[in-house]
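# Reading the structure
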Amino acid sequence: MEAIDIAAARRRWEVGGYLILPGFYSQSEIDDVAGLSDDAWARLSDRIVVDDLVTNRRSLMREVGAEARRTHSFKINDLYLEYPAVRSLALGHRLGPVLQELLRDVPVLCNSLNFDRGSQ
């Protein structure tokens, strides 16, 4: 990954309120997190909350029936609470300093969403 021009990034952040970092994470890192999503579905955790994008129902992952798991799309909420690797990508040694520069304060992680397919 190329070094980030933090001054240019801050300008884009301040004007638009968001920043896109193409190629920031490697395909391997993305695949690893996708594997954790698969692991969560395999374990059917009783602590992970999901939003069914077909029915708009929020439930614990373990409450989702087999048919819905096969045919519906879901948002997985707060996977970072269960998997340190997700926390590391979201606020670890690479992204944390970038966010701190943009925010001009120490960033905190309060939510995460994981999608197998986008919601839009």
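Reading guide: rules and limits
- Residues numbered from 1 in each chain as written.
- Predicted model: local features only at pLDDT ≥ 70, side-chain atom pairs only at ≥ 80, totals over all residues.
- Heavy atoms only, no water.
- Helix = DSSP H or I, 4+ residues; strand = E, 2+ residues; numbered from the N terminus.
- Buried < 20%, exposed > 50% of the residue type's maximum accessible area, 1.4 Å probe, protein only.
- Lys, Arg positive; Asp, Glu negative; His and termini not counted.
- Charge placed at Lys NZ, Arg CZ, Asp CG, Glu CD.
- Expected span 1.5 Å × (residues − 1).
- Arc of directions from axis to C-beta.
- Contact = heavy atoms within 4.5 Å.
- Pairing = 2+ DSSP bridges.
- pLDDT = per-residue confidence, 0-100.

## Digging into the overall build of the chain
If you tally the helices and strands in the chain, you get five helices and four strands. Traced from its N-terminal end to its C-terminal end, the chain shows the element sequence α-α-β-β-α-β-α-α-β. Principal-axis analysis of the C-alpha atoms places the extent of the chain at approximately 50 × 25 × 25 Å. Within the chain, the fraction of its 120 residues that count as buried is 31%. A gap of 3 Å separates the mean positions of the 15 positive and 18 negative side-chain charges of the chain.

## Quick word on helix α2 (residues 27–43)
Relative to the 24 Å expected for 17 residues at 1.5 Å per residue, α2 spans 24 Å between its end C-alpha atoms, a close match to the ideal helical length. Of all the positions in α2, only Val33, Leu36, Ser37, Ala40 and Trp41 are classed as buried. In a view along the axis of α2, the buried residues occupy a sector of 140°, so they form one face of it. Away from its buried face, by an angle of more than 90 degrees, α2 presents the exposed residues Gln27 and Ala42. Lining the buried residues of α2 we find β1 (49–52), α3 (66–71), β3 (74–77), α4 (84–91) and β4 (113–115). Positive backbone phi, approximately 45°, marks Leu44, located one or two places after α2.

## Focus on the pairing of β3
As paired elements, β1 and β3 share four bridges and run antiparallel to each other. The residue of β3 that forms the bridge with Val49 is Asn77. Two strands pair when backbone bridges link them, and β3 and β4 are joined in this way by three bridges, in the antiparallel orientation. Bridging from a neighbouring strand, Ile76 pairs with Asn114 of β4.

## What about the confidence of the model for the chain?
On average, the chain scores 91 in pLDDT, and the residues at 70 or more come to 96%. By mean pLDDT, β4 is the weakest element of the chain at 89, and strand β2 (residues 58–60) is the strongest at 97.

## Thoughts on the environment of Phe115
Tracing the backbone through its elements, the reader meets Phe115 in strand β4. Residue Phe115 is classed as partly exposed on the basis of its relative accessible area of 35%. For Phe115 and Phe74, which are 41 residues apart along the polypeptide, the C-alpha to C-alpha distance reads 6.4 Å. Not counting the four nearest positions on each side in its chain, Phe115 is found in contact with Leu53, Phe74 and Lys75.

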